[in-house]
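Okay, here's what each chain looks like letter by letter:
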Amino acid sequence: MIRIGQGYDVHRLVEGRDLWICGIKLPHTHGLLGHSDADVAIHALCDAILGALALRDIGYHFPDTDPAYKGADSKKLLAEVCRMIREKGWEIGNVDVTIMAEAPKFKPHIDSMRECLARTMGTDADNVSVKATTTEGLGFTGRREGIAAMAVALLTKD
């Protein structure tokens, strides 16, 4: 059996915050605003995995109104999502994440991001794709006001 899900997330760029993407702290002048560490890529990935099993979304399970998640490490949220699907007998088949931003440059960090996500999800890095693209200066990402991410996840069950 297989199931697929897709996720999308957006966070605003602001001064005075660290920039976390795919569980990696990146050097940048701005970070993402959010209740947790605002890792937009992991949030989209959580939604993709949850969506594959119709388990609602990240906000349902980890609401931004709950002080327990204030400043939370998104890797812990992803690990919990993976625990939830495994509890139902499912495994990660593969995931594919696309980050949309004008800056910083992601290419030097892609391998570390893939390894971090794989380790967090308990799967092989060969099952994890991370890509980045610009929006050619268009929209909020093009104006460097925020970063967006999309993800798809394939789950398998014997």
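Procedures and definitions
- Residues numbered from 1 in each chain as written.
- Predicted model: local features only at pLDDT ≥ 70, side-chain atom pairs only at ≥ 80, totals over all residues.
- Heavy atoms only, no water.
- Axes fitted to C-alpha atoms, helices over the stretch in contact; angles between N-to-C directions.
- Helix = DSSP H or I, 4+ residues; strand = E, 2+ residues; numbered from the N terminus.
- Parallel < 35°, antiparallel > 145°, perpendicular 65-115°, else oblique.
- Contact = heavy atoms within 4.5 Å.
- Nonpolar A, V, L, I, M, F, W, Y, C, P; charged D, E, K, R; others polar.
- Salt bridge = Lys/Arg side-chain N within 4 Å of Asp/Glu carboxyl O.
- Pairing = 2+ DSSP bridges.
- Phe/Tyr/Trp six-rings, centres within 6.5 Å; stacked < 30°, edge-to-face > 60°.
- Buried < 20%, exposed > 50% of the residue type's maximum accessible area, 1.4 Å probe, protein only.
- Expected span 1.5 Å × (residues − 1).

Can you lay out the packing of helix α3 (residues 74–87) against helix α4 (residues 110–121) for me, pointing to particular residues and giving the numbers?
Two numbers describe how α3 lies on α4: the axes approach to 8 Å, and their chain directions differ by 45 degrees. What the angle tells us is that α3 and α4 run oblique. The segment α3 lies against α4, with Lys75, Leu78, Ala79, Cys82 and Arg86 engaging Cys116, Leu117, Thr120 and Met121. A class-by-class count of the residues in the contact of α3 with α4 yields six nonpolar, one polar and two charged.

Explain the pattern of salt bridges residue by residue, including any values.
Pairs can form between side chains of opposite charge once their charged atoms are near each other. Following the criterion strictly, the structure yields seven salt bridges and no others. Salt-bridge contacts for Lys75 lead to Asp73; the nearest nitrogen and oxygen are separated by 3.2 Å. Within the structure, one salt-bridge network assembled from shared partners comprises Glu80, Arg83 and Glu87.

Go over the sheet that holds strand β5 (residues 91–100), please, and point to the residues and values.
Taking strand neighbours across the sheet as the criterion, the five strands line up as β4-β1-β7-β5-β6 in an open arrangement whose pairing is mixed. Both outer strands of the open sheet, β4 (31–32) and β6 (128–133), are each paired with one neighbouring strand and no more. One ladder, built from six bridges, connects β5 with β6; its direction is parallel. Across the sheet, residue Asp96 finds its bridge partner in β6, namely Ser129. Along the sheet, α3 makes contact with β5 and β7 (146–156), crossing β5 at roughly 150 degrees.

Go over the packing of aromatic side chains, please, and point to the residues and values.
All told, the structure shown has one aromatic pair when counted by the stated rule. For the pair Phe62 and Tyr69, a centre-to-centre distance of 5.4 Å together with 80 degrees between the ring planes defines the contact as edge-to-face. What makes Phe62 buried here is its relative accessible area of 11%. Among the residues examined, Tyr69 registers a relative accessible area of 21% and is labelled partly exposed.

Please provide a residue-by-residue account of helix α1 (residues 40–52), values included.
A rise of 1.5 Å per residue sets the reference length of α1, with its 13 residues, at 18 Å; its end C-alpha atoms lie 19 Å apart and thus fit the reference within 8%. Among the 13 residues that make up α1, 12 are buried, leaving the element largely enclosed by the rest of the structure. The complete set of buried residues in α1 reads Val40, Ala41, Ile42, His43, Ala44, Leu45, Cys46, Asp47, Ala48, Ile49, Leu50 and Ala52. Of the residues one or two after α1, Ala54 is the one with positive phi, at around 55 degrees.

Keep in mind that these numbers describe shape and distance, not what the molecule does.
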